[in-house]
Amino acid sequence: MAPDVNSDVNTKTIVKNAYRITRTRGKTALRIRVPGGCLKAKHFDLLKKISQDYGDGIVHLTTRQGFEISGIDYSSISRVNSLLMPLLQDLEIDIGVTIKDLSKGYPSAGTRNIAACIGNRVCPFANYNTTALAQRIEKEIYPNDYHVKVALTGCPNDCIKSRMNDFGIVGMAEPQYDYKRCIGCEACVKNCKSQVTGALSLHKEKVKRDTRRCIGCGECILKCPTAAWTRNPVKFYDILIMGRTGKKNPRIAEQFIQWADEDVVIKVIKNTYRFIDEHIDKTLAKEHIGYIVDRTGYQVFRGKVLEDIKLNPEARVAKHIHWGGFRYSSDMFMSDNLQ
Ligand code: SF4
Ligand code: SF4
Ligand code: SF4
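The structure displayed is predicted, hence computed values, not measured ones.

Here's the deal with the site of ligand 2
Phase 1: Close to ligand 2 lie P175, C192, V196, T197, L200, R209, C214, I215, G216, C217, G218 and C220.
Phase 2: A per-class count over the shell around ligand 2 returns eight nonpolar, three polar and one charged.

So this is what it looks like as structure tokens:
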């Protein structure tokens, strides 16, 4: 393929357009977002075409469940963008995202791809449809230049490692008990004790659930042979906040709101963008949400994010959060081991 004539490069523009500055002069890499990590097989033909006709024939699977197509000439960006149109139509426009000019490719790359475990379409442990919620969140927050990472996980097993994200949305099931169906076999009690948090105990051959210890994994419902446990049809979520990777202070996310309903999840994430608008340090090229919260403190974040939200009655909000995390220190290794 002959390259485009115009090969002038504006770094800021191409990064916003979801192309990366690479270590190879004149070459870039395109990052394809796949909300919820769920892609129809037919789109692989397009990824293959872009990679083979315009890139170096390699497609990298990203840690956020997208694709990175490397070895693309800067001069080919406009042509690659026009090829992307059916993908953007299917993965963004058709789920309700607004993109003004599809032929120009991705309008922003700051808010990262929403990652998700496979959810209840396949996994028996999942408490919700992670793809559907990822698409709903994508519609609310994309496109946006603020650097925010969201990951969804179907149950507290957290296969997607949502605790390493600014927002980890963990599916919760509220188990409901019918004592008349219970035969006192203890299968649920033993499983919760050995595999989860030990929230169940047997009293006079009936089961008690300690709601302070129950994390809503739903395993008792799966283990019960008589269907004495059933799940509340309302879907609940544990909202974890401000986990991160990075070189300065990596840390895992902590619980912000437990037993939140889906509308609360959406509003909390949307309101966080308002919080960023108000508090981001505009003198910096970019500032990550977690470090903004470190500056303002959790109470300011909580006040802003919850200011117009009517919480569902089951929701419980953390009074305080202390993240801590990991900090490199110069004396972390034994001096005896230094040469
Ligand atoms: S996090 Fe839970 S629901 Fe998701 S894949 Fe893992 S076990 Fe299944
Ligand atoms: S939902 Fe999970 S944590 Fe809660 S009682 Fe059942 S098994 Fe235990
Ligand atoms: S597994 Fe079911 S039947 Fe057995 S103790 Fe638990 S609730 Fe009762």
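Structural notes on the sheet that holds strand β7 (residues 167-172)
Phase 1: If you walk across this open sheet you meet the six strands as β5-β6-β7-β12-β13-β14, and the pairing is mixed. The open sheet terminates on both sides in strands that have one partner only, identified here as β5 (115-116) and β14 (316-317).
Phase 2: Two strands pair when backbone bridges link them, and strand β12 (residues 236-241) and strand β13 (residues 254-260) are joined in this way by four bridges, in the antiparallel orientation. Residue I239 lies in a different strand from β13, and its bridge partner there is I257.
Phase 3: Against the sheet, helix α5 (residues 130-141) engages β5, β6 (150-153), β7 and β12, with an angle of about 160° to β6.

Some points on the pairing of β13
Phase 1: For β13, the buried fraction is high: five of the seven residues fall into the buried class.
Phase 2: The pairing of β13 with β14 spans two bridges and is classified as antiparallel. Within β14, the position partnered with Q258 by the bridge is R316.

Quick notes on the site of ligand 1
Phase 1: If you check the shell around ligand 1, you find C117, C123, F125, A126, T153, G154, C155, N157, D158 and C159 and nothing else.
Phase 2: Here the residues of the shell around ligand 1 sort into six nonpolar, three polar and one charged.

Some details on the domain arrangement of the protein chain
Phase 1: On domain assignment, one finds that the protein chain holds domain 1 (11-104), domain 2 (115-172 + 235-317) and domain 3 (176-231).
Phase 2: Each of domain 1 and domain 3 has a C-alpha centre, and these two points are 47 Å apart.

Concerning the side chain of E219
Phase 1: For E219, the location among the structural elements is in helix α7 (residues 219-223).
Phase 2: Of note is the side chain of E219, whose polar atom sits 2.8 Å from the side chain of N191.

Rules used in this analysis
- Residues numbered from 1 in each chain as written.
- Chains lettered and ligands numbered in written order.
- Predicted model: local features only at pLDDT ≥ 70, side-chain atom pairs only at ≥ 80, totals over all residues.
- Heavy atoms only, no water.
- Near = heavy atom within 4 Å.
- Nonpolar A, V, L, I, M, F, W, Y, C, P; charged D, E, K, R; others polar.
- Pairing = 2+ DSSP bridges.
- Helix = DSSP H or I, 4+ residues; strand = E, 2+ residues; numbered from the N terminus.
- Contact = heavy atoms within 4.5 Å.
- Axes fitted to C-alpha atoms, helices over the stretch in contact; angles between N-to-C directions.
- Buried < 20%, exposed > 50% of the residue type's maximum accessible area, 1.4 Å probe, protein only.
- Domains from an automatic or database assignment.
- Polar contact = N/O pair within 3.5 Å; in protein donor to acceptor, adjacent residues only side chain to side chain.

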